[in-house]
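# Secondary and tertiary structure notes
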Amino acid sequence: MPDSTEQQPPRRVVTDNLVSLQSFILEEETRYPGASGDFSWIISAISLAAKIIAHKVRHVRLQNVLGEDGTINVQGEDQLHMDVIANEVIMRVLGGRGSIAVLGSEEEEQPTILRRGHEGGKYCVLFDPLDGSSNLDTAVGVGTIFTILRNDPKIHGAVETVCQAGHQQVAAGYVLYGSSTVFVITTGRGVHMFELDSSIGSFMLVQSNIQMPASKKIYSVNEANAEGFPEGFQKYLKWAHQNGYSSRYIGSMVADMHRTLMNGGVFLYPPTKKHPNGKLRLLYEANPMSFLVEQAGGASVTAAGQRTMDIVPSQMHERVPLVLGSKNEVAAVVAHL
Ligand code: AHG
Ligand code: MN
Ligand code: MN
């Protein structure tokens, strides 16, 4: 019989995990003395918006919201009904949270000022409300990407406020509406993944401190654009073909990046004839994904080999050529540039 004075661990019959995104973030926040709970409120708003969008994405045909909205967004792209819907859901859910000063969206030309620093706006949130939305009509995985920055009350312009280098991000993450609905986030202390348990309506912790393999022979690029790639990228692809690499490309950055984060490999969107600066946007696609990849032990650089998160943006929707993923796989690309 164990010594009765020894503290025995409690007998457990409930084996499933009981940590929700909410409790995880609250726990994280206790590590920051003086934290006011503002940050957790923002994450809970993003989580609520994600659950609403997930439901709508999974019923687009029943709700008759497939197809184009008939408007062109600031990117010069045809907006889809779901782009507009997802954008409105996030703007309205986050707009109600007192700690947000500025909201910026891929779908809106200018950032929206909700309140200024002295009115309590401590943070700015930028997002791609629906990434890969062109895949909705074939029921392929799409996602939402978000990044949280500090608001500097001394800066007056909304664009100047949000044009911060990626290394200044407070938190970043994405929601993948795939075969599961997964929420992946970093606050600078590792990458953590939650899965939506629809029966209780909560994102539940399923993996902590995700670390990418340092090497994996998978590259992810739209090879149809290869003719327009700078020579170094064409040399890299030839090398990869000769060294047993396989290719995976879904065409939704969130889906391609989730596979890269989980299994390793390298994702590339180089300069092309149509997009000489690459297609992906620095502030709300490249930077959040780069933060996650670096926190998972990977790397993220531009076509010139510069660390993506060191770039100081000058415009809200500026694009950047991108190479990100497993450390050794990014190095193999850079070696050919
Ligand atoms: P969005 O749907 O938010 O405009 O993003 C689409 C992006 C990204 O998801 C994906 O990696 C890329 O477009 C695919 O571009 P190509 O079709 O040119 O390969
Ligand atoms: Mn996108
Ligand atoms: Mn989008």
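Residues numbered from 1 in each chain as written. Chains lettered and ligands numbered in written order. Predicted model: local features only at pLDDT ≥ 70, side-chain atom pairs only at ≥ 80, totals over all residues. Heavy atoms only, no water.

## Thoughts on the packing of aromatic side chains
Counted under the stated rule, the structure contains 10 aromatic pairs. Ring centres of Phe24 and Phe194 lie 5.3 Å apart, and the angle between their planes is 75°; this geometry places the pair in the edge-to-face category. Of this pair, Phe24 sits in helix 1 (residues 21-29) while Phe194 sits in strand 9 (residues 191-197); the two residues are 170 residues apart in sequence, bridging distant segments of the chain. On the accessibility criterion, Phe24 (12% relative accessible area) is buried. By relative accessible area, Phe194 is classed as buried at 0%. Each residue in the set Tyr219, Tyr236, Trp239 and Tyr245 is aromatic and connected to the rest through ring pairs, giving one cluster. (Phe/Tyr/Trp six-rings, centres within 6.5 Å; stacked < 30°, edge-to-face > 60°. Helix = DSSP H or I, 4+ residues; strand = E, 2+ residues; numbered from the N terminus. Buried < 20%, exposed > 50% of the residue type's maximum accessible area, 1.4 Å probe, protein only.)

## Re the site of ligand 1
In the vicinity of ligand 1 there are 18 residues, among which Asp131, Gly132, Tyr249, Met253 and Tyr269 approach most closely. Taking Asp131, its side chain carries an N or O atom lying 2.8 Å from an oxygen atom of ligand 1. Contact distances for ligand 1 include 3.2 Å between an oxygen atom and a backbone N or O atom of Ser133. A total of 470 Å² of accessible area belongs to ligand 1 in isolation, and the protein chains cover 85% of it. Of all the secondary-structure elements, those providing two or more residues to the shell around ligand 1 are strand 5 (123-131) and strand 13 (266-269). Top contributing element to the shell around ligand 1 by residue count: strand 5, with 3 residues. A class-by-class count of the residues in the shell around ligand 1 yields 6 nonpolar, 5 polar and 7 charged. (Near = heavy atom within 4 Å. Polar contact = N/O pair within 3.5 Å; in protein donor to acceptor, adjacent residues only side chain to side chain. Areas by Shrake-Rupley, 256 points an atom, 1.4 Å probe, with all protein chains shown as cover. Nonpolar A, V, L, I, M, F, W, Y, C, P; charged D, E, K, R; others polar.)

## With respect to the side chain of Thr302
Note that Thr302 resides in the loop between strand 14 (299-301) and strand 15 (322-325). Not counting residues within four places of it along the chain, the set of residues in contact with Thr302 comprises Thr308, Ile311, Val320, Pro321 and Leu337. (Contact = heavy atoms within 4.5 Å.)

## Concerning the coordination of the manganese ion (ligand 3)
Looking at the manganese ion (ligand 3), one finds its protein donor set to be Glu106 (OE), Asp128 (OD) and Leu130 (O), positioned 2.1 to 2.3 Å from the metal centre. Motif for the manganese ion (ligand 3), donor spacing along one chain: E-x21-D-x1-L. (Donors = N, O, S within 2.8 Å, 3.2 Å for Na, K, Ca; no water.)

## Concerning helix 8 (residues 327-334)
Within helix 8, the full set of buried residues consists of Glu329, Val330, Ala332 and Val333. Across the axial projection of helix 8, the buried residues extend over an arc of 155°, all falling on one side. Buried residues along helix 8 sit in contact with helix 5 (231-242), strand 13, strand 14 and strand 15. (Arc of directions from axis to C-beta.)

## A short note on the coordination of the manganese ion (ligand 2)
At 1.9 to 2.1 Å from the manganese ion (ligand 2) lie its protein donor atoms, namely Asp128 (OD), Asp131 (OD) and Glu285 (OE). When the donor residues of the manganese ion (ligand 2) are listed from N- to C-terminus, their spacing reads D-x2-D-x153-E. Here the manganese ion (ligand 2) and the manganese ion (ligand 3) are spaced 3.7 Å apart, linked through Asp128, which binds each one. Of the two residues, Asp128 sits in strand 5 while Glu285 sits in helix 7 (residues 282-295), which places them 157 residues apart along the sequence. Here Asp128 and Glu285 have matching classes, each one buried.

## Focus: the sheet that holds strand 6 (residues 142-150)
The strand order 4-3-5-6-7-8-9-10 describes an open sheet built from 8 strands, whose pairing is mixed. Each edge of the open sheet carries a strand with a single partner, namely strand 4 (112-113) and strand 10 (202-207). (Pairing = 2+ DSSP bridges.)

## Focus: unusual backbone geometry
Not every positive phi belongs to a glycine, and Ala139 is a case in point at roughly 60°. Relative to the helices and strands, Ala139 is located in the loop between strand 5 and strand 6. For Asn209, which is not glycine, the phi torsion reads 50° and is therefore positive.

## Some remarks on the pairing of strand 6
Of all the 9 residues making up strand 6, 8 are buried; the element is thus mostly covered by neighbouring parts of the structure. When strand 5 meets strand 6, the two strands line up antiparallel, connected through 7 bridges. Bridge assignment links Asp128 to a residue of strand 6, and that residue is Ile145. Across 7 bridges, strand 6 lies against strand 7 (residues 171-177) in antiparallel orientation. For Thr144, the partnering residue across the bridge sits in strand 7 and is Val175.

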